[in-house]
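Residues per chain, in single letters:
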Amino acid sequence: FYNVGSSSGIQIKSYVRNLAKTLDYRGNIFYDTNRLEGTLYKVMDNSRFVLETGYTPQFDENQMIQDLLENLSKQKGVK
């Protein structure tokens, strides 16, 4: 068994900017600067998995946003 991650992380601000761009949102985005910036996490080292299987997991932020919007539209019946 392997626990596989993308070996990369994403910042919430980057994700929000890309989501706003995808939705053509031109309003203001506010962040609560009184709170910690992000959460603690550990980016996984996939080198052994890649070496043993030859497979490199891919992480595509734009595809992730498209998948999110597609799933939301299916759930809510929105197009």
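Thresholds, definitions, all that
- Residues numbered from 1 in each chain as written.
- Predicted model: local features only at pLDDT ≥ 70, side-chain atom pairs only at ≥ 80, totals over all residues.
- Heavy atoms only, no water.
- Helix = DSSP H or I, 4+ residues; strand = E, 2+ residues; numbered from the N terminus.
- Buried < 20%, exposed > 50% of the residue type's maximum accessible area, 1.4 Å probe, protein only.
- Contact = heavy atoms within 4.5 Å.
- Areas by Shrake-Rupley, 256 points an atom, 1.4 Å probe, with all protein chains shown as cover.
- Salt bridge = Lys/Arg side-chain N within 4 Å of Asp/Glu carboxyl O.
- Expected span 1.5 Å × (residues − 1).
- pLDDT = per-residue confidence, 0-100.
- Patch = residues over 30% accessible without salt bridge, like charges linked within 9 Å, V, L, I, M, F, W, Y side chains within 5 Å.
- Axes fitted to C-alpha atoms, helices over the stretch in contact; angles between N-to-C directions.
- Parallel < 35°, antiparallel > 145°, perpendicular 65-115°, else oblique.
- Left-handed = near helix turned anticlockwise from the far one by under 90°.
- Nonpolar A, V, L, I, M, F, W, Y, C, P; charged D, E, K, R; others polar.
- Phe/Tyr/Trp six-rings, centres within 6.5 Å; stacked < 30°, edge-to-face > 60°.
- Lys NZ or Arg CZ within 6 Å of the ring centre and 35° of its normal.

Chemist: Got a minute to help me understand the overall build of the chain in this structure?
Modeler: When helices and strands are tallied, the chain shows three helices and zero strands. Counting helices and strands in the order they occur from the N terminus, the chain gives α-α-α. Considering the chain as a whole, with its 79 residues, one finds that 10% of them fall into the buried category. Pairs at least 24 residues apart make up 82% of the contacts formed inside the chain by residues separated by at least 6 positions. Accessible area for the chain stands at about 7400 Å²; split by element, carbon and sulfur atoms hold 52% of it.

Chemist: Is there a simple way to explain the pattern of salt bridges in this structure?
Modeler: When their charged atoms lie close together, side chains carrying opposite charge are able to pair. Tallied over the full model, the rule gives three salt bridges. For Asp24, the salt bridge identified is with Arg26, shortest N-O distance 3.0 Å. The class for Asp24 is partly exposed, based on a relative accessible area of 49%.

Chemist: Sorry if this is basic, but what is going on with helix 1 (residues 12-23) here?
Modeler: The α-helix winds at 3.6 residues per turn, so residues separated by three or four positions along the chain end up facing the same way. Between its first and last C-alpha, helix 1 extends 16 Å over twelve residues, near the 16 Å set by a 1.5 Å rise per residue. Positioned one or two residues after helix 1, Asp24 has a phi angle of 55°, which is positive.

Chemist: Just checking my understanding: could you explain the confidence of the model for the chain for this structure?
Modeler: Detailed reading of the predicted model is not advised wherever pLDDT is low. Put simply, the chain has an average pLDDT of 80, and 78% of its residues get 70 or more. For the chain, per-element mean pLDDT is lowest for helix 3 (residues 61-76), which scores 84, and highest for helix 1, which scores 87.

Chemist: It is not clear to me how a nonpolar patch on the surface should be interpreted in this structure. Could you clarify?
Modeler: Together, Ile12, Leu23, Tyr25, Ile29 and Tyr31 give the surface a local cluster of nonpolar side chains, amounting to about 500 Å² of exposed area. Counting through the fold element by element, Leu23 comes out in helix 1.

Chemist: Help me understand the packing of helix 1 against helix 3 in this model?
Modeler: Between two packed helices, both the angle of their axes relative to each other and the distance between the axes serve to describe the pair. Taken N-terminus to C-terminus, the directions of helix 1 and helix 3 make an angle of 60°; their axes are 10 Å apart at the nearest point. Here helix 1 lies oblique to helix 3, going by the angle between them. The two elements helix 1 and helix 3 cross, and the hand of that crossing is right-handed. Together, Ser14, Tyr15, Asn18, Leu19, Thr22 and Leu23 of helix 1 and Glu61, Asn62, Met64, Ile65, Gln66, Leu68 and Leu69 of helix 3 make up the contact between the two elements. Of the residues that constitute the contact of helix 1 with helix 3, the class distribution is seven nonpolar, five polar and one charged.

Chemist: I tried to follow the packing of aromatic side chains on my own but got confused; where do I start?
Modeler: Two numbers describe a pair of aromatic rings. These are the distance of the centres and the angle of the planes. Evaluation of the coordinates by the stated rule reveals one aromatic pair. Here the aromatic rings of Phe49 and Tyr55 are separated by 6.2 Å at their centres, their planes lie at 90°, and the arrangement is edge-to-face. Residue classification places Phe49 among the buried residues on the basis of a relative accessible area of 14%. Sitting over the face of the ring of Tyr31, Lys13 holds its NZ or CZ atom 5.1 Å from the ring centroid.

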